[in-house]
Every structure is written in structure tokens, then in C-alpha cells.
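Spelled out, the chains give:
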Amino acid sequence: MSQKVVFLPGDGIGKEVAAGARQVLDECSGRHQLNLQVEEYDLGGTAIDKHGEPLPQFVLDACLESKIVFLGAVGDPRFDASPPHLRPEKALLGLRKALELFANLRPIRTYSELIDASTLKREVIEDVDILIVRELTGGIYFGEPRGLETRSGNRVGFNTEIYADYEVERISRIAFEASRLRSGRVTSVDKSNVLESSQLWRVVVEEVAKDYSDVKLDHLLIDNCAMQLVARPRSFDVLLTNNMFGDILSDEAAMLTGSIGMLPSASVGATGGEGRVGLYEPVHGSAPDIAGQDKANPLAAIGCVALLFRYSLDRDDIACQIEQAIEKVLSEGIRTGDIAVAGSRVVGTCEMVDAVLERL
Ligand code: NAD
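None of the values given here were measured: they were computed from a predicted structure.

Quick look at the overall build of the protein chain
Of regular secondary structure, the protein chain possesses twelve helices and 14 strands. Computed over the C-alpha atoms, the radius of gyration of the protein chain is 21 Å, within 12% of the 21 Å expected from 2.2 N^0.38 for a compact globule of 360 residues. In terms of principal-axis extent, the alpha carbons of the protein chain reach across some 60 × 50 × 45 Å. A burial count over the protein chain gives 52% of its 360 residues as buried. A total of about 16,000 Å² of accessible surface is found on the protein chain, and carbon and sulfur atoms cover 50% of it. With 38 positive and 55 negative side-chain charges, the protein chain shows a separation of 2 Å between the mean positions of the two kinds.

Here it is as C-alpha cells:
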């Protein structure tokens, strides 16, 4: 049986890094006789140019049908003054909504060769390997009521932090299952000393944990977690968070690694029908300042291909091979400009992709 994979290169460096990611996917697919059928579609500004809208319905249909989607990046300054529905970024929101991407998985790994690119001390961040599992469609960013009003002559702004048990349950299961592919530890983050929504969160996480007796669970309050993440980042394995806490912690954790060009991410969707949707995208954007110059770091995009094999195709072995190839390239001092240090051999996007392919 063949498995379809939809590739959405998007705009700017999205196209360049997606081309590299595709080469790695094709190479692994061929070598392991996986019969993956890759279909490429336009998205973002490129789709506006060709089809008049950032996320055409036929592109969305292909994503829903294949259930495995790779996205480069969208964003193009030519559309900065366009109305909201004709901006490339609208495609991202449309995709996230249609695919019901309720879980975002962001691995945070420090490569020993890049440690000096971080602002933190080597002895603190060496060998950090964390997976942040963030709830993405609930909580205070979407809760009702929300608004701006005048009450008794004072202007007030208000939002609602609300979680239903099923939302906490499904994100918890993603975290527990992901931890089984790692060292089997989950730290759930909440503010249960103050917030009722966090009290429910903690109760539901404990209930789900009963189905995963092989996984070790602990809980941390968000304020303490923010502190521990920079004090002892090596001690974390999987961090399970709600939407807002994950938003903040994932940016804090990104600083442990040094460069945005190194960070892959995966999102899991809940759309109806068989199986789950997986959307894989680098954390970075379309970087118009370096687009079309063969300067983009493709390692985040290639890291996404590793995640795709791990989470959508159940091939942790291939994921590890890709990650080891990336490590090998870095250990040999081969770098794109964003992660170069004195003495590095600085290469362009294409040469970096070739270097990874050679070491696979
Ligand atoms: P950006 O991530 O595109 O760039 C920020 C800085 O990091 C730039 O200096 C860029 O050159 C550098 N950079 C980013 N990725 C890099 C890589 N792989 N290799 C080397 N350097 C890299 O963020 P921005 O400048 O705020 O946004 C540019 C456009 O991208 C905007 O239109 C924005 O809306 C869009 N965007 C899209 C996504 C997405 O598609 N998921 C995410 C963020 C921003």
C-alpha cells in the first residue's frame, strides 16, 4: 500500500528548505522501500499568485485525505498591505483549524557543537533533550466570554481560561505516548494552587496516567517550571502544558538551543475518520531577508522529516538515522551562516542538504 505525503513548500525560504527535506524523505523512502507518494501543492503567497487565495480548497482536501503534511513556511512582504483573507499567513490559521491541530510537539535538543550559540552556560545546557507537548486549540486564547468593556466607569479587558476534560485527556495521551519513545517521564505544568482550570487539568492528567503505569509522572507549577527550565533543563523529558503556558515555555526553551533554524515541530490533528493528521513544520518563518540566496539553514526542515517518520509512520529507527546524520554534519564543523562560529566550514542550503544525505 502506498502512503501519500502532502508537501506544502509555501513562500521564501520555505521553498528552499522544503526542497531539502523532500530529498531526505525520498532517500529514506527509497532505501526502506516505503512507497511514499509525495504530492506538492502551493500555499500562502505562492497560492495567492497562482490560485487567488492562500489556502485553496483542493489543497485542504489533499491534506485531509493524506493525513501526513509537511509545511515549509508562509509569508511574503508583497502582501503586507493586503486584506486579512488575502494574506499568506491566513493559510496557516486555516490549516490549523481545518485539521483540528490540538497538539503541538516541539523537541528541544542541544547539539554539543552548537552550545556556544546559546546564551546559557555549557554545563547547564549540554545534552538537553526535551519534548514540549502543548495543547493548541483550547484554553485562554479561545475561551468565552472575552472582550473589552467599560464597567462602573473603568475600562476592563477579560478572557476565560477554560478546559473540558476531553481536551485535557487527549493532549495527555499524546504526551504519555510520546514519552514511551523517550525516557518515559512526563512533567505536567499547571497553576493548580490558584486556578480551577488547572485543578481539573491535574485531576484528568492523573486519571490518564493510570493507563500508562510504565511512565513516571510529576507535576510542576508554571512559575517554578519556568525557573527550573533554565536552572536544570537536563532533568526534563516530556513537558505537558496547556496552550498559554506552552506558548511561553516553548520560546524560553528555544533559547537553550541557540538558533531558530534548528527547531522542528509537529502538530497532531483530531479530524474525523481513521487515524490522526500530522503536520510537520519548522518553527521559523519564510525569512524574506535571506530568501532565494541559498543561505537558509535546512536542518529544522530535515528534523521535521525525522519527526514525520517517528510520529506518523511509526519508524523511530529512520527518525534516529536522520537525527544522527544531522549531528554528524555538525560535529564535522559544517554550518550554514546562522550557526557558524570561527573555524566552521560555511555552506549554503543545498550543500548542507547534500552533507546530510551523504551521512545518512
Ligand atoms: P523568520 O523566522 O522568517 O525570520 C527571523 C530571522 O531568523 C530572520 O533574520 C531570518 O533570516 C532568520 N531565519 C529564520 N529561519 C532561518 C533559517 N532556516 N536559516 C537561517 N536563518 C533563518 O521570522 P519573521 O522575520 O518574523 O517573519 C518573516 C515572515 O514569515 C513573515 O511573513 C511571518 O508572518 C512569516 N512567518 C511564518 C511562519 C510559518 O510559516 N510557520 C512562522 C513565523 C513567521
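The rest of the description comes next.
Regarding the packing of aromatic side chains
Overall, the coordinates contain four aromatic pairs when judged by the stated rule. Over the ring of Phe158 we find Arg151, and its NZ or CZ is 4.7 Å from the ring centre.

Describing the site of the ligand
Around the ligand, 20 residues are found, and the nearest of them are Val74, Glu89, Gly285, Ala287 and Asn297. Here His284 contributes a side-chain N or O atom positioned 3.3 Å from a nitrogen atom of the ligand. Taking Asn297, its main chain carries an N or O atom lying 2.8 Å from a nitrogen atom of the ligand. For the ligand, whose unbound accessible area comes to 800 Å², protein coverage reaches 68%. Residues belonging to the shell around the ligand are distributed by class as follows: ten nonpolar, six polar and four charged.

Remarks on the environment of Glu169
When you line up the elements, Glu169 lands in helix H6 (residues 165-180). For Glu169, a relative accessible area of 33% gives the class partly exposed. Residues Glu169 and Glu206, 37 residues apart in the sequence, show an inter-C-alpha distance of 9.7 Å. Apart from residues lying up to four places away in sequence, Glu169 is in contact with Val204 and Val208.

Re the nonpolar core
Core analysis: the largest hydrophobic core is formed by 69 residues, its most contacted members being Leu25, Val133, Phe176, Leu299, Phe309 and Ile322. Considering every element that reaches this core, the biggest residue donor is helix H10 (residues 299-311), with nine residues. Here this core gathers at least three residues from each of two domains, domain 1 (1-101 + 262-360) and domain 2 (119-257). With residues near it in sequence (within four places) discarded, Phe309 still touches Leu25, Cys28, Ser29, Leu34, Leu36, Asp314, Arg315, Asp316, Ile318, Ala319 and Ile322.

Digging into the sheet that holds strand E1 (residues 3-10)
The pairing of strands in a sheet comes from backbone hydrogen bonds and takes either a parallel or an antiparallel form. Taken in spatial order, the ten strands line up as E2-E1-E3-E12-E11-E4-E5-E10-E8-E9 in an open sheet, and their pairing is mixed. This sheet does not close on itself; its edge strands, each paired only once, are strand E2 (36-40) and strand E9 (216-221). For this sheet, the mean angle separating the axes of adjacent strands, direction not counted, is 20°. One ladder, built from six bridges, connects strand E11 (residues 264-269) with strand E12 (residues 277-282); its direction is antiparallel. For Ser267, the partnering residue across the bridge sits in E12 and is Leu279. Lying on the sheet, helix H3 (residues 57-66) is in contact with E1 and strand E3 (68-73); it crosses E1 at an angle near 140°.

Here we look at unusual backbone geometry
Following Glu144, the chain continues into Pro145 via a peptide bond in cis, with omega recorded as 0°. As for its placement among the helices and strands, Pro145 is situated in the loop between strand E5 (129-135) and strand E6 (147-151). Not every positive phi belongs to a glycine, and Gln33 is a case in point at roughly 50°. Residue placement: Gln33 occurs in the loop between helix H1 (13-31) and E2. In this structure Gln33 comes out as exposed when scored by relative accessible area, which is 73%. A positive phi angle, close to 70°, is found at Lys67, a residue other than glycine. Looking at the element boundaries, Lys67 is found in the loop between H3 and E3.

Thoughts on the pattern of salt bridges
Throughout the structure, instances matching the rule amount to 30 salt bridges. We note a salt bridge from Arg310 to Asp316, for which the minimum N-O separation is 2.5 Å. Taking relative accessible area as the criterion, Asp316 reaches 26% and is therefore assigned partly exposed. A salt bridge links Glu358 to Arg359; its shortest N-O distance comes to 3.5 Å.

What to know about helix H7 (residues 196-209)
Taking 1.5 Å as the rise per residue, H7 with 14 residues should run 20 Å; its terminal C-alpha atoms sit 20 Å apart, in good agreement. Every buried residue of H7 is accounted for by Ser197, Ser198, Trp201, Val204, Val205, Val208 and Ala209. Summarising the axial view, the buried residues of H7 lie within an arc of 140°, below the 170-degree limit, and thus occupy one face.

What counts, and at which threshold
- Residues numbered from 1 in each chain as written.
- Predicted model: local features only at pLDDT ≥ 70, side-chain atom pairs only at ≥ 80, totals over all residues.
- Heavy atoms only, no water.
- Helix = DSSP H or I, 4+ residues; strand = E, 2+ residues; numbered from the N terminus.
- Rg over C-alpha atoms; globule rule 2.2 N^0.38 Å.
- Buried < 20%, exposed > 50% of the residue type's maximum accessible area, 1.4 Å probe, protein only.
- Areas by Shrake-Rupley, 256 points an atom, 1.4 Å probe, with all protein chains shown as cover.
- Lys, Arg positive; Asp, Glu negative; His and termini not counted.
- Charge placed at Lys NZ, Arg CZ, Asp CG, Glu CD.
- Phe/Tyr/Trp six-rings, centres within 6.5 Å; stacked < 30°, edge-to-face > 60°.
- Lys NZ or Arg CZ within 6 Å of the ring centre and 35° of its normal.
- Near = heavy atom within 4 Å.
- Polar contact = N/O pair within 3.5 Å; in protein donor to acceptor, adjacent residues only side chain to side chain.
- Nonpolar A, V, L, I, M, F, W, Y, C, P; charged D, E, K, R; others polar.
- Contact = heavy atoms within 4.5 Å.
- Core = buried A, V, L, I, M, F, W, Y, C linked by side-chain atoms within 4.5 Å.
- Domains from an automatic or database assignment.
- Pairing = 2+ DSSP bridges.
- Axes fitted to C-alpha atoms, helices over the stretch in contact; angles between N-to-C directions.
- Salt bridge = Lys/Arg side-chain N within 4 Å of Asp/Glu carboxyl O.
- Expected span 1.5 Å × (residues − 1).
- Arc of directions from axis to C-beta.

Structural measurements only, silent on function.
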